[in-house]
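# Tertiary structure, described
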Amino acid sequence: MLTHIPFPPLPAPPSWFPGHMLQFQRMLPTLLNKTDVVLELRDARLPLTSINRNFEGALQKWRRERSKGIAPSTPSTVGANATAPDASPIAAPACERIVVFSKRDLVPEWGIKPFQRAMTAKYPDQRVFFASWNRARDIKALNELLVNVAREHPHRPELNVLVVGMPNVGKSTLLNALRSIGIAGPTAKALRTSAQPGMTRVLSTRLKLSVDPLVYAYDSPGVMLPFLGRGDKGAERGVKLALIAGIKEGLYDTETLASYLLYRMNVLDPVSPAYLRLLPPNTPPLLYVQDFLELLAQRLCMLKRGGIPDTSRAAVRFIKWWREEGGLASAAAPALPDYASELGLQSCRRGWGFDLEWAVDAAESGRYDEALIQAKMEECIDRFEEAAEEEERDGSAISSTQEKKRAKEMQRTRQQARTRARLAAKKGR
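As a starting point, this report considers the structure included with it.

The rules behind each value
Residues numbered from 1 in each chain as written. Predicted model: local features only at pLDDT ≥ 70, side-chain atom pairs only at ≥ 80, totals over all residues. Heavy atoms only, no water. Helix = DSSP H or I, 4+ residues; strand = E, 2+ residues; numbered from the N terminus. Buried < 20%, exposed > 50% of the residue type's maximum accessible area, 1.4 Å probe, protein only. Areas by Shrake-Rupley, 256 points an atom, 1.4 Å probe, with all protein chains shown as cover. Salt bridge = Lys/Arg side-chain N within 4 Å of Asp/Glu carboxyl O. Axes fitted to C-alpha atoms, helices over the stretch in contact; angles between N-to-C directions. Parallel < 35°, antiparallel > 145°, perpendicular 65-115°, else oblique. Contact = heavy atoms within 4.5 Å. Nonpolar A, V, L, I, M, F, W, Y, C, P; charged D, E, K, R; others polar. Patch = residues over 30% accessible without salt bridge, like charges linked within 9 Å, V, L, I, M, F, W, Y side chains within 5 Å. Lys, Arg positive; Asp, Glu negative; His and termini not counted. Charge placed at Lys NZ, Arg CZ, Asp CG, Glu CD. Pairing = 2+ DSSP bridges.

A few words on the overall build of the chain. Scanning the chain for helices and strands turns up 13 helices and eight strands. The buried share of the chain, taken over its 429 residues, is 51%. Put simply, the chain shows about 21100 Å² of open surface, and 52% of that area lies on carbon and sulfur atoms.

Written out as structure tokens, the structure is:
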């Protein structure tokens, strides 16, 4: 068992914010004026890192404007319909924010309900929904949720849905699946999809998701954060997004990604991490990525001339395995492994996905149920929000380039104000 797992050295995060992302971000407030439901997609493996905080200002303003003079709806259960406000139908425009976590099959099932309840407790204005695009019942349930929202507002001739999120979280794939469920008969694929981020670069035309009631949707480009942050936090955020293919391929060295992936899998299970099934039998957990990649290259016969292990190819294979199969293997891990009690550990580290991690001591292991897991997850969400607020206060969420641009804009604004003041003074003479 690994007792001390050092954090790997990570490079500063790259900047990947093409012009089409900035263009959509500027369009968002206008698009929300004709939007009734916002479907915000996030990756279940990174439930917090895949939040785009740049959306928050526009979404909160949209909700405030829609809710003026109306009691806000606060759903008591996840996925259930919101409580109908005490207002006439005409005075109650639709205003729903549904957060959909994709790839639910790649996270442990034991954590989904506790996380749903934790999100509802922390963000009561959001509905939380988990889905896997290859599970028809998940797509059907989400389609029924949208149809029910439309039926709650019969005064509106149609319901307009805007799908937003970071790159490569499955927005286009979801809309294709919703069309096939909601429209009777054979339905052609409406949107192109790709395993690489950045396929969708412009706002789509309206897509019909339901005929009765009428539900339309817009697909949007995935929008990355302009700056991922400074220090270890920013570096880790960038590597996490690269591992789920949320950042353009080639901006990160594959061995760097493999190093962090090895570290994270060791943290989640220091006794029997999922990657051991790739290595020869009876191999113990490994701390250092170079040792791991050399052993993996030898096992897969990835050798250069002279029998030298090709660690670069092994790193690519390791990451591909995790994206396709390793996530499923990690999702099968129990909530609390048997070794915690068998080895008499005073505490052990547990986690869910790559964002939520907590300690379980010996006293808690005897009552390790959904309520305790939810409490641990709520603490993780609180730490995430506190860290985000601290980054905003100290300016570490803004790059030096953005700071220079803001300084120039402020200087230009002051110059314009002085010019207007001089012109006004001359006219007053």
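Right, let's talk about the pattern of salt bridges for a bit. Oppositely charged side chains are able to pair whenever their charged atoms sit close together. One pass over the structure, following the stated rule, counts 21 salt bridges. Its salt-bridge partner being K122, residue D382 comes within 2.9 Å of it at the nearest N-O pair. One end of the pair, D382, is in helix α12 (residues 370-394); the other, K122, is in helix α3 (residues 112-122), with 260 residues separating them in the sequence. According to the relative accessible area criterion, D382 is partly exposed, its value standing at 31%. Salt bridges linked by common partners bring E40, R42, E56 and R97 together as one network.

Axis separation between helix α7 (residues 254-268) and helix α8 (residues 289-299) bottoms out at 9 Å; the angle between their running directions is 105 degrees. In terms of orientation, α7 lies roughly perpendicular with respect to α8. Across the interface between the two elements, E255, A258, S259 and L262 of α7 pack against V289, Q290, F292 and L293 of α8. Here the residues of the contact of α7 with α8 sort into five nonpolar, two polar and one charged.

Another aspect to go through is unusual backbone geometry. A cis amide bond links D212 with the next residue in sequence, P213, at an omega value of 0 degrees. Position of P213 among the secondary structure elements: in the loop between β5 (207-210) and β6 (215-218). Even without glycine at this site, N282 takes up a positive phi of about 70 degrees. Tracing the chain through its elements places N282 in the loop between α7 and α8.

Turning to a positive patch on the surface, a few remarks are in order. On the surface, R414, R418, R422 and K426 cluster together into a patch of positive charge. Mapped onto the fold, R418 is located in helix α13 (residues 400-428).

The next point concerns the side chain of Q126. Among the secondary structure elements, Q126 is positioned in the loop between α3 and β3 (127-130). Q126 gets classed as buried once you look at its relative accessible area, which sits at 5%. The residues touching Q126, leaving out its near neighbours within four places in the chain, are R42, R97, V99 and M119.

The next point concerns the sheet that holds strand β1 (residues 37-43). Sheets are built from strands that pair by backbone hydrogen bonding, the pairs being arranged parallel or antiparallel. With respect to topology, six strands assemble into an open sheet ordered β3-β2-β1-β4-β6-β5, the strand pairing being mixed. A strand with exactly one partner marks an edge of an open sheet, and here the two such strands are β3 and β5. For this sheet, the mean angle separating the axes of adjacent strands, direction not counted, is 30 degrees. In this sheet, β6 lies alongside strand β4 (residues 159-165) in parallel orientation, the contact comprising four bridges. If you follow V161 over to β6, its bridge partner there is A217. Strands β1 and β4 of the sheet are contacted by helix α1 (residues 19-32), whose axis makes an angle of about 155 degrees with β4. Packed on one face of the sheet, α3 meets β1, β2 (96-102) and β3 and runs near 160 degrees to β3.

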